[in-house]
Amino acid sequence: MENKILEIEKEAVEALQTLKDSKDLEEFKNKYLSRNCELTNIKKCLKDLPVEERPKIGALANKVFQELEAKANEKGEEFYKVELDKKLAKEKIDITLPGTYLPYGKVHPLTSTINEVTEIFQHLGFSVISNENSPEVETEYFNFDMLNVPKEHPARDVQDTFYCKNASNVVLRSQTSGAQIHAMKDKKPPIRIISPGRVYRNENISARKNNLFHQIEGLYVDKNVTFAHLKGVLNEFTRLYFGASRPMRFRSSFFPFTEPSVEIDVQCIMCGGKGCATCSGTGWLEILGAGMVDPNVLEGVGIDSNVYSGFAFGMGVERLTMLKYAIDDIRLFFNNDIRFLKQF
Ligand code: DAH
């Protein structure tokens with residue numbers, strides 16, 4: 001047994017000299033220093049030896065095992081150093097090389113207008129209702145009927161509104177005004193909400209018109225709401241969004257769902273009011289429609305128009321953005337040309 005151990009030792013020491021790297025060393029350890037190696041097995045079988053031989057053989061096996069282990073560890077350290085040096089040399093970093101440019105994203109100008117307008121109205125006490133409560137794919141009922149739009153109104157024409165092929169009463173909403181109906185059906189007055197979102201119209205695309213654009217709807221219903229409230233809130237909004245020095249005006253108008261109705265114009269930013277192609281020579285551009293909610297609309301959703309009154313408004317997000325930053329083509333918002341978007 002003693003010879004056997006010394007033989008293993010000799011063989012292992014020779015093998016140790018031939019190792020070239022840590023992978024070889026791993027194999028070596030498996031063969032000579034693992035739980036199933038010969039030395040371990042010898043130690044396990046000590047009980048089969050005559051009692052007087054056991055201590056001597058046991059001690060020898062242990063000594064050889066420990067010596068081999070120490071040598072293997074020494075080799076291990078040696079390999080580690082060499083291999084680390086090699087790795088470092090290979091991964092050497094040239095700190096004089098120029099860095100990689102990481103482009104960073106920005107908020108789309110239409111999104112930032114929506115955020116800005118939303119913030120203004122939140123300060124004025126309005127809360128926001130989301131698309132979940134007023135969907136883009138809408139029924140004629142919400143988009144027209146409940147807003148007092150007559151059956152034969154030209155806005156209902158397929159020339160103006162996109163209808164669903166398989167369900168003739170389903171449309172891509174042509175205005176966010178349906179959000180008013182959703183809001184009034186969902187909760188009782190007092191109601192003070194705004195609702196931003198996409199709308200769709202069957203337009204010929206041009207510098208002024210796109211068949212997808214954005215609106216922000218607003219509604220305020222309570223006891224004793226008057227036209228003075230409408231003027232106060234929308235004046236304040238225009239002042240905060242465009243700045244106090246930007247001329248604006250109320251102009252009387254007509255919408256089926258409001259009576260009386262108005263529109264707000266702001267001075268054309270392209271010509272400073274002198275008149276140019278953008279404002280068709282008038283010096284003014286319309287940014288929103290508004291009015292006192294028609295009693296028919298209130299009664300339609302079960303609100304007593306003798307007790308409650310309200311005002312509503314709807315504004316074009318693209319318009320607001322174009323008139324603030326002097327952008328003369330609506331298509332720029334949708335082409336996603338990075339040179340345009342970068343400027344905001
Ligand atoms: N929905 C109208 C449009 O798309 C805008 C509008 C006008 C909304 C008057 C309103 C309103 O809420 O009271 O042209």
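Residues numbered from 1 in each chain as written. Predicted model: local features only at pLDDT ≥ 70, side-chain atom pairs only at ≥ 80, totals over all residues. Heavy atoms only, no water.

1. Looking at the overall build of the protein chain
Point 1. Helix and strand counts for the protein chain come out as 12 helices and nine strands.
Point 2. In terms of overall dimensions, the protein chain is more spread out than a globule: its C-alpha atoms have a radius of gyration of 41 Å, far above the 20 Å expected for 344 residues.
Point 3. A principal-axis box enclosing the C-alpha atoms of the protein chain has dimensions of 115 × 50 × 40 Å.
Point 4. Among the 344 residues that make up the protein chain, the fraction classed as buried is 40%.
Point 5. Counting only contacts in the protein chain whose residues sit at least 6 apart along the sequence, the fraction spanning at least 24 positions is 67%.
Point 6. Considering the protein chain, the positive charge centre built from 45 side chains and the negative charge centre built from 48 side chains are found 2 Å apart. (Helix = DSSP H or I, 4+ residues; strand = E, 2+ residues; numbered from the N terminus. Rg over C-alpha atoms; globule rule 2.2 N^0.38 Å. Buried < 20%, exposed > 50% of the residue type's maximum accessible area, 1.4 Å probe, protein only. Contact = heavy atoms within 4.5 Å. Lys, Arg positive; Asp, Glu negative; His and termini not counted. Charge placed at Lys NZ, Arg CZ, Asp CG, Glu CD.)

2. So, the pattern of salt bridges
Point 1. Under the defined criterion, the tally for this structure stands at 16 salt bridges.
Point 2. Where R251 meets D265, a salt bridge forms, and the shortest distance between an N and an O atom there is 2.7 Å. Separated by 14 residues along the polypeptide, R251 in strand 6 (residues 248–255) and D265 in strand 7 (residues 258–267) bring together distant segments of the chain.
Point 3. A residue is classified by how much of its surface remains accessible, and R251, at 29% relative accessible area, is partly exposed.
Point 4. Residue D265 is classed as buried on the basis of its relative accessible area of 2%. (Salt bridge = Lys/Arg side-chain N within 4 Å of Asp/Glu carboxyl O.)

3. Side note on the packing of aromatic side chains
Point 1. According to the stated counting rule, one finds 15 aromatic pairs in the structure shown.
Point 2. Where F126 meets F313, the ring centres are 6.2 Å apart and the plane angle is 70 degrees; that geometry is what we call edge-to-face. A residue pair is termed long-range when its members are at least 10 positions apart, and F126 in the loop between helix 5 (109–123) and strand 1 (127–128) and F313 in strand 9 (residues 308–316) qualify at 187 residues. Residue F126 shares its accessibility class with F313, and that shared class is buried.
Point 3. Measuring from ring centre to ring centre gives 5.9 Å for F333 and F340, while their planes differ by 75 degrees; the resulting arrangement is edge-to-face. For the residue pair F333 and F340, the accessibility class agrees, reading buried in each case.
Point 4. An aromatic cluster of three or more residues is present, and its members are F121, F126, Y220, F237, Y241, F242, F311 and F313.
Point 5. Sitting over the ring of F250, K231 keeps its end group 5.2 Å from the ring centre.
Point 6. One residue, K324, lies across the ring of Y241, its end atom 4.0 Å from the ring centre. (Phe/Tyr/Trp six-rings, centres within 6.5 Å; stacked < 30°, edge-to-face > 60°. Lys NZ or Arg CZ within 6 Å of the ring centre and 35° of its normal.)

4. Description of unusual backbone geometry
Point 1. In this model, P189 is joined to P190 through a cis peptide bond whose omega is 5 degrees.
Point 2. A cis amide bond links E259 to the next residue, P260, at an omega of -5 degrees.
Point 3. Relative to the assigned elements, P260 resides in strand 7.
Point 4. Look at N336: it is not a glycine, yet its phi comes out positive at around 55 degrees.
Point 5. Residue position: N336 is located in the loop between helix 11 (332–335) and helix 12 (338–341).

5. What about the sheet that holds strand 5 (residues 212–223)?
Point 1. Read across the open sheet, the seven strands follow the order 1-4-5-9-8-7-6; overall the sheet is mixed. Every other strand in the sheet has two partners, leaving strand 1 and strand 6 as the edge strands with one partner each.
Point 2. Direction of pairing for strand 4 (residues 191–200) relative to strand 5: antiparallel, over a ladder of 10 bridges. If you follow R192 over to strand 5, its bridge partner there is Y220.
Point 3. Across the face of the sheet, helix 8 (residues 227–242) comes into contact with strand 6, strand 7, strand 8 (284–293) and strand 9 while running at roughly 150 degrees to strand 8. (Pairing = 2+ DSSP bridges. Axes fitted to C-alpha atoms, helices over the stretch in contact; angles between N-to-C directions.)

6. Structural notes on the state of the cysteines
Point 1. Under the definition given, this model contains zero disulfides.
Point 2. The closest cysteine sulfur to the non-disulfide-bonded C37 is located on C45, 12 Å from its own sulfur.
Point 3. C37 sits in the buried class, given a relative accessible area of 2%.
Point 4. Free cysteine C271: the closest other cysteine sulfur is in C276, separated by 3.7 Å.
Point 5. Residue class for C271 comes out buried when judged on its relative accessible area of 10%. (Disulfide = S-S within 2.5 Å.)

7. As for the site of the ligand
Point 1. Lining the immediate environment of the ligand, one finds 15 residues, of which Q175, Q180, R201, Q215 and E217 sit closest.
Point 2. Residue Q175 places a side-chain N or O atom 2.7 Å away from a nitrogen atom belonging to the ligand.
Point 3. In the complex, 90% of the free accessible area of the ligand, which totals 360 Å², lies under the protein chains.
Point 4. Looking at the shell around the ligand, the elements with two or more residues in it are strand 5, strand 8 and strand 9.
Point 5. Tallied by class, the residues present in the shell around the ligand amount to five nonpolar, eight polar and two charged. (Near = heavy atom within 4 Å. Polar contact = N/O pair within 3.5 Å; in protein donor to acceptor, adjacent residues only side chain to side chain. Areas by Shrake-Rupley, 256 points an atom, 1.4 Å probe, with all protein chains shown as cover. Nonpolar A, V, L, I, M, F, W, Y, C, P; charged D, E, K, R; others polar.)

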